[in-house]
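Secondary and tertiary structure notes
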Amino acid sequence: MSSFKLTIMSFRRNIKTYGMYLMAMIFSVATYYNFVSMRYNPQFQETKDLTIYVQSSSVTASLLMILFLVFFIMYSSNFFLNQRKKEIGVYAFMGIDNYKIAFIFASEGLLLGIMSLVIGLLLGTLFSKLFLMLLAKAALLKMRIDFFISKKALIETIIVYSVILFIAFLKGYINIIRTNLIDLMNTLKKAEELPKVNYLKGFASLIIIGVAYYIAVNYGKLGFGNALLWTVILVIIGTYWLFGSFLSMVIRYFIKRKKFLYKGTNIISFSNIALRIKDNYRTFAAVAVLITTCITSFGTVSSLRYYVDENHKIEVPYTVTYISSNKEEIDRVDEIIENSHHNVELREKANFLFVPDSKIVVVKLSTFQRILTDLNVKDRDRIISKIGLLEEEVAYIERPGVFMNILEKKDIKVGDKAYKIKARTKVPLFGSGVPFPCVIVNDEEYAVLKLKFEEKQFNGIILDNPENTKDLTFKLAEILPEESGLYTYFMAGVTFYDLVGIVYFLGAFLFLVFVFATGSIIYFKILSESFRDKGKYEILKKIGTTDFEINESVSKQVGMFFLLPLIVGIIHSIVAISVLSDLMKYSLTIPTVISIMVFIIVYGIFYIFTRRKYVNVVGGQA
């Protein structure tokens, strides 16, 4: 029989085993095509301001997809090789040449890749319009999306995937040639024993992770770059030791508790987990790190979207703002607004000092408190209470438009005097019409500083229907001088918000891709365990174990495999996003909860599929 026929027969026989792999590959191909096609879509290219964002976002997302695919395909090929070692050994006993065996199994992987590429491209082109419509909606783009098939995107996708598949084929071919095929027959008969417990590493893992969390939360002491580097290194080391040693301690503890062990099917589930920790702790740790990356990444892009909504209130708290104490100019502005068919909801006037050397503005505490009350700022009582009564200290209000401030100052110089910063916050005050950081001082200190710096008058007006202020903006620009710093809702524009919408949408798609990768990795690992456990469960059925008890045991065992990395990954990601929240000066509880819930839902679907497949294998139905 020819190698080609053997390859086709083997491929058809194992197609069910490859189901989850094919789904992940097809989805990634379709996603990659759509990422690339964005760059060549003529409707996006017509919008010059948008083209830059689309190009950069598309390239970044495409590169991340390529890295994911290389990792995922290589990992999957290793799984399939390990899973079918016994089959390869049988071929060797039959006298089939090593090179022919290598060609058969490597070609099988190549067929999988070609199938996923063809189906992925078909689905990608079919749903490309829907993909771009969702992108336009997420980015708040008012544009019509037509169906478009990009030949350049098709060619680029085919070339990229062909290169990756060829490398995977070559790697699989070489791996099988270099393997001692005779020894493969005994790989599934390897004796199992409980792993030795390393108490030192077990307790050290908790200490290392605790130190990593401390460094992350106190990033200001070491500097953000150093803190980030050490946190990542320590979290990875601590996570590997946690699953390699501490988990063994916990499992061994439960096994020694006879009342717990002999309750229900615990003896089956926990015995299997205990025996497999040595082989699986690296996978546990890798999955936990991947979960951390997935949730943190999606939490970050979600927080960007949340930041846009919240930051818009800080950047544009008023419909119209300008700086002027000239009564004639103020009267003319009021007259134009009265004739504009807009209703005035709030007029705000406030004096401030401008310090030209340090590019900051100074506001007295009483004015600050009044503005927060007038604007009905959320949590204003807590903010005012946090600042308290200022003496030789000041409160620092971050400049509008700043996403995060990594280097936090502990003091600030106003003129020739340095003040200690008592509190830092981001709140609506003057908006982007006064694009400078603000320092809040007590009223007495303000009177002293007033003798040194020029005092200016800020005017802020809130109107109804702020979106329809284009004509009003042009009329006000005609009467106000340039130094007045006229700023309106219309001038705020949506360019930055377009970019955030694009990043959020692409980030959400990449999140789904990486969830598929994480779920597939643990799926393949558990599936390999099911073939090893098949004989055990056959014996259990012969001695009277019911199908219900077997299903219960499988549910516990597979559930532990999924749950343990999930818990660790969620804890890691919560700490990471809390640091991001501190950098942004925003509470990111909502985007964090959403990210975790979305991940749990998708992850739970993988658990259901994996559990069902495991039951089928040990029940002899696979």
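Along each chain, numbering runs from 1 in the same order as the chain's sequence is written. Given that the model is predicted, a residue must reach a pLDDT of at least 70 before its local features are reported, and side-chain atom pairs must reach 80 or more before they are shown or counted; all residues, however, enter totals for whole chains, interfaces and linings. Hydrogens and water molecules were not included; the side-chain quantities draw on all heavy atoms of the structure.

Take a side-chain nitrogen of Lys or Arg and a carboxyl oxygen of Asp or Glu: if they are within 4 Å of each other, that pair is a salt bridge. Using the criterion set out here, one finds 7 salt bridges in the structure. One salt bridge connects D331 with K327, and the closest N-O pair in it is separated by 3.0 Å. Of this pair, D331 and K327 are both found in helix α14 (residues 327-338), 4 residues apart, which corresponds to roughly one turn of the helix. Only protein chains enter the accessibility calculation, which uses a 1.4 Å probe; a residue whose area is less than 20% of its type maximum is buried, one above 50% is exposed, and one in between is partly exposed. By relative accessible area, D331 is classed as partly exposed at 37%. Residue R370 is joined to D374 by a salt bridge in which the shortest nitrogen-to-oxygen separation is 3.9 Å. Placement of both R370 and D374 in helix α15 (residues 365-374) is noted, with a separation of 4 residues, approximately one turn of the helix. Residue class for R370 comes out partly exposed when judged on its relative accessible area of 34%. Overall, D374 belongs to the partly exposed group, its relative accessible area being 33%. Comment: elements are numbered from the N terminus, with helices defined as DSSP H or I runs of at least four residues and strands as E runs of at least two.

With that out of the way, let us pick up the pairing of strand β7 (residues 438-441). Burial of β7 is two-sided: the residues C438 and I440 facing one way and the residues V439 and V441 facing the other way are all buried. Strand pairing is assigned whenever DSSP detects at least two bridges linking the two strands. Here strand β4 (residues 393-397) pairs with β7 via 3 bridges, running antiparallel. Residue pairing in the sheet places A395 in a bridge with I440 of β7.

Further remarks concern the sheet that holds β4. One open sheet holds the 9 strands; their spatial order is β5-β6-β4-β7-β3-β2-β8-β1-β9, and the pairing between them is mixed. Looking along the sheet, the strands with just one partner apiece sit at the ends: β5 (411-414) and β9 (487-488). Alignment of β5 against strand β6 (residues 417-425), held across 4 bridges, turns out to be antiparallel. Directly across from D411, in β6, lies its bridge partner K420.

Here, expected helix span is obtained from the residue count minus one, scaled by 1.5 Å. Taking 1.5 Å of rise per residue, 12 residues should cover 16 Å, and α14 covers 16 Å from first to last C-alpha, within 8% of that figure. Listing the buried residues of α14 in full gives E329, I330, V333, D334, I336 and I337. On an axial view of α14, the arc spanned by its buried residues comes to 160 degrees, and they lie on one face. Opposite the packed face of α14, turned more than 90 degrees from it, sit the exposed residues K327, E328 and E338. Residue contacts are counted whenever heavy atoms from the two residues lie within 4.5 Å of one another. Buried residues belonging to α14 abut β1 (320-323), β2 (344-355), β8 (455-463) and α18 (470-479). For α14, the side-chain oxygen to backbone nitrogen distance between the N-cap and E328 is 2.8 Å, and the N-cap itself is N326. It is the directions from the helix axis to the C-beta atoms that the arc portrays. Under the rule applied, a polar contact is a pair of N or O atoms within 3.5 Å (in protein, one hydrogen donor and one hydrogen acceptor; residues adjacent in sequence only if both atoms are side-chain atoms).

Time to look at unusual backbone geometry. Non-glycine residue H341 carries a positive phi angle of around 65 degrees. Non-glycine residue N376 carries a positive phi angle of around 55 degrees. With respect to the helices and strands, N376 occurs in the loop between α15 and α16 (380-387). Classification of N376 by relative accessible area gives exposed; the value is 54%.

Purely geometric numbers; function is a separate question.
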